Amino acid sequence: MSTFGGDETAPFFGFLGAAAALVFSCMGAAYGTAKSGVGVASMGVMRPELVMKSIVPVVMAGVLGIYGLIIAVIISTGINPKAKSYYLFDGYAHLSSGLACGLAGLSAGMAIGIVGDAGVRANAQQPKLFVGMILILIFAEALALYGLIVGIILSSRAGQSRAD
């Protein structure tokens with residue numbers, strides 16, 4: 001007989017949420033870095049003096065992985081069935097938290113990669129496009145930030161299903 005309080009399968013969903021947050025966010029970060037990095041390398045052949053200025057999309061894509069890491073740490077520290085009962089409500093709250101942050105990070109990474117690739121190439125031909133490119137990148141990054149905020153809110157709902 002186990003002394004575990006709560007639902008036996010609930011931690012599975014919680015850990016799945018932590019993994020989803022990290023994996024999907026890092027997939028977005030990797031895609032954004034690779035796609036915009038190809039644009040920087042291609043542009044750098046003709047205009048090597050603009051390489052450092054054009055590294056902004058690569059940095060912005062890298063930040064997406066940090067968002068997933070934050071949510072994964074928040075979720076994993078909230079899963080301790082020995083200290084406090086962990087119910088399916090808590091597992092589902094953590095799963096939805098991880099999916100919200102992870103999938104938002106994936107979509108933002110795709111947007112940053114595509115805009116970064118085209119933006120740095122266009123900036124090499126017309127320097128007046130730099131500010132517009134940065135604004136578009138900021139709005140793409142905001143999508144992942146929305147996922148992070150919603151993920152934190154959903155994760156904070158875990159533990160509120162029953163009074164222990």
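Our structure's up above, just so we're on the same page.
Residues numbered from 1 in each chain as written. Predicted model: local features only at pLDDT ≥ 70, side-chain atom pairs only at ≥ 80, totals over all residues. Heavy atoms only, no water.

Caption draft 1: Examining the packing of helix H3 (residues 88-125) against helix H4 (residues 130-157) more closely. Contact pair H3 / H4: the axes reach a minimum separation of 7 Å and the direction vectors enclose 175°. With respect to each other, H3 and H4 are oriented roughly antiparallel. Taken together, the residues that form the contact of H3 with H4 break down as 21 nonpolar, 10 polar and 2 charged. (Axes fitted to C-alpha atoms, helices over the stretch in contact; angles between N-to-C directions. Helix = DSSP H or I, 4+ residues; strand = E, 2+ residues; numbered from the N terminus. Parallel < 35°, antiparallel > 145°, perpendicular 65-115°, else oblique. Nonpolar A, V, L, I, M, F, W, Y, C, P; charged D, E, K, R; others polar.)

Caption draft 2: Focus on the pattern of salt bridges. Under the counting rule described, the total for this entry stands at 3 salt bridges. For Glu49, the salt bridge goes to Arg47, with nearest N and O atoms at 2.7 Å. Judged by relative accessible area, Glu49 falls into the exposed class, the value being 54%. Its relative accessible area of 26% is what places Arg47 among the partly exposed residues. For Asp117, the salt bridge goes to Arg121, with nearest N and O atoms at 2.7 Å. You can see Asp117 and its partner Arg121 sitting in helix H3, 4 residues apart, about one turn around the helix. Looking at Asp117, the relative accessible area reads 10%, which means it is buried. Look at the salt bridges and you will find they share partners, linking Lys35, Asp117 and Arg121 into a network. (Salt bridge = Lys/Arg side-chain N within 4 Å of Asp/Glu carboxyl O. Buried < 20%, exposed > 50% of the residue type's maximum accessible area, 1.4 Å probe, protein only.)

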